[in-house]
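Read off the chains here:
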Amino acid sequence: MKTLSVMFVILCLMVMGVSARDVQDQQLRRNLLANGLGKTPPMGWNSWNHFSCNINEKMIRETADALVSTGLSKLGYTYVNIDDCWAEIHRDAKGNLIPKKSTFPSGIKALADYVHSKGLKLGIYSDAGYFTCSKTMPGSLGHEEQDAKTFASWGIDYLKYDNCNNDGSKPTVRYPVMTRALMKAGRPIFFSLCEWGDLHPALWGAKLGNSWRTTNDISDNWDSMLSRADMNEIYAEFARPGGWNDPDMLEVGNGGMTKNEYIVHFSLWAISKAPLLLGCDVRNVTKDTMEIITNKEVIAVNQDSLGVQAKKVRMEGDLEIWAGRLSGYRVAVVLLNRGPWRNSITAEWDDIGIPPKSLVEARDVWEHKTLKTKFVGNLTATVDQHSCKMYVLKPVS
Ligand SMILES: *[C@@H]1O[C@H](CO)[C@@H](O)[C@H](O)[C@H]1NC(C)=O
Ligand SMILES: *[C@@H]1O[C@H](CO)[C@@H](O)[C@H](O)[C@H]1NC(C)=O
């Protein structure tokens, strides 16, 4: 007995020594879940934007295959997330969710096994109401513990939790119930709160989950995309490793915007430390789309270890400068032209947080070029209409 307890103490000390930094991280995050997930914004794919309810296990498998064969998974796109419409409208006699027999005949566990065998992760969807938004399947309200256990037993890695058809109580009442259920479920599951920004989830989301939607759903057009980016920007101070603002999933590749507009979309999501969840059909991607979503330098800005979300630091009409710190005393900058004409935009060191006389090297992360000129005090670029330039700036001596 005595020997056992001594061994136990030694074991505890070893564990504490090894994980001191993790403990500190968790204290900083004060996240009830403390699941260690989302140290950088999540990356992957979700079925909704392209397929809405037209989903089945075959296309989810093919999507997993495509993420690997295209090389996207190697770049970090590892979550394969099933959205609404995956379950039968009725629970079984014991109250369990049942995968829809006509579209997911092999069940979700088999799908998770397949996705895991590819080195990927499987995400699923439920709702803090009686039914999901499609009304074709139940929500988890009143069944939180049971559903969290079911998800864990299937090997689910990510839960998007929507807000439709609820009982009228506040999200701050309903969402913590699922947080606690996930804590008890015995498997770390990334928890994505999707209450559409209704009750300013940036103020309370970090205690409950790993990301929180700050906006209503995105549509595949320029105005919708920009307005999501704008609404999400307001909450920049609240993003940090473990908990991220979420302006909704990507529309890149779905056809509603020009190539330059999609470059703006991807740049703003990256610099805003937004989840990079692809919303196109990754089994059938054009060269242009591929060029955008595989840009390693832009992805690196999103995945930077500092986890600082960029802010709009200057606006002059349709011209904007977005900037955010990166690790290594670097700064990421987007020069955005929202207007209908080409224009010149100047970023001043004062505005973007670089000491006034610093000599700065600029890397154009879309041209993949380090500019020959070094800059002092400001950087000016000509930016086409509905386009942006994106740089990583680094003071040099
Ligand atoms: C592939 O994408 C192109 C357009 O990008 C579309 O015309 C075609 O129908 C798609 N093919 C399939 C099988 O979805
Ligand atoms: C940019 O910096 C240069 C060199 O320091 C200076 O001459 C110029 O006036 C600045 N331009 C703007 C628009 O601030």
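Before any of the text, the structure's been laid out above.
Residues numbered from 1 in each chain as written. Chains lettered and ligands numbered in written order. Predicted model: local features only at pLDDT ≥ 70, side-chain atom pairs only at ≥ 80, totals over all residues. Heavy atoms only, no water.

### What about the environment of Ser 305?
Where we set the bar: Helix and strand assignments follow DSSP, with helices taken as H or I runs no shorter than four residues and strands as E runs no shorter than two, numbered in order from the N terminus. The cut-offs for exposure are 20% and 50% of the maximum accessible area for each residue type, with area from a 1.4 Å probe on protein chains only; residues under the lower value are buried, those over the upper are exposed, and the others partly exposed.
Mapped onto the elements, Ser 305 comes out in the loop between helix 10 (296-302) and strand 9 (311-316). Classification of Ser 305 by relative accessible area gives exposed; the value is 55%. Each C-alpha atom of the pair Ser 305 and Asn 210 lies 16 Å from the other, and the pair is 95 residues apart in sequence.

### Looking at the site of ligand 2
The cut-off we apply is this: Any residue with a heavy atom positioned within 4 Å of a molecule or strand is treated as near that molecule or strand. Residues adjacent in sequence count toward polar contacts only when both atoms are side-chain atoms; beyond that, a polar contact is any pair of N or O atoms within 3.5 Å, and within protein one must be able to donate a hydrogen and the other to accept it. Using a 1.4 Å probe, accessible areas were evaluated by the Shrake-Rupley method; residue-level cover was limited to the displayed protein chains. Just so you know the grouping, Ala, Val, Leu, Ile, Met, Phe, Trp, Tyr, Cys and Pro go in nonpolar, Asp, Glu, Lys and Arg go in charged, and all remaining residues, Gly too, go in polar.
Neighbouring ligand 2 are the residues Thr 346, Glu 348, Val 376 and Asn 378. Within the backbone of Val 376, a nitrogen or oxygen atom sits 3.3 Å from an oxygen atom of ligand 2. In the environment of ligand 2, an oxygen atom lies 2.3 Å from a nitrogen or oxygen atom belonging to the side chain of Asn 378. Against a free-state accessible area of 360 Å², the protein chains account for coverage of 33% of ligand 2. Counted by class, the shell around ligand 2 contains one nonpolar, two polar and one charged residues.

### Quick word on the side chain of Arg 213
Put simply, the rule is: Throughout, a residue-residue contact means that at least one pair of heavy atoms, one from each residue, lies within 4.5 Å.
Along the polypeptide, Arg 213 turns up in strand 6 (residues 211-213). Within polar-contact distance, the side chain of Arg 213 engages the backbone oxygen of Asn 216 at 3.4 Å. Reaching out from Arg 213, the side chain makes a polar contact with the side chain of Asp 248 at a distance of 3.3 Å. Every residue in contact with Arg 213, bar those within four places of it in the chain, is listed here: Lys 160, Leu 193, Cys 194, Glu 195, Trp 196, Gly 197, Pro 201, Asp 246 and Asp 248.

### Description of the packing of aromatic side chains
Here the distance between the centres and the angle between the planes together describe a pair of aromatic rings. What counts is decided by this rule: Two rings from Phe, Tyr or Trp (for Trp, the six-membered ring) form a pair when their centres sit within 6.5 Å of each other. Planes less than 30 degrees apart are called stacked, planes more than 60 degrees apart edge-to-face, and all others tilted.
In the structure shown here, the tally under the stated rule is 10 aromatic pairs. With centroids separated by 6.3 Å and ring planes inclined at 65°, the aromatic side chains of Trp 45 and Phe 51 adopt a geometry described as edge-to-face. This pair shows no difference in class: Trp 45 is buried, exactly as Phe 51 is. Look at Phe 266 and Trp 366: their rings are 6.5 Å apart centre to centre, the planes differ by 65°, and that puts the pair in the edge-to-face class. Note that Phe 266 is positioned in helix 8 (residues 259-271) and Trp 366 in the loop between strand 13 (359-364) and strand 14 (369-370), a separation of 100 residues in sequence.

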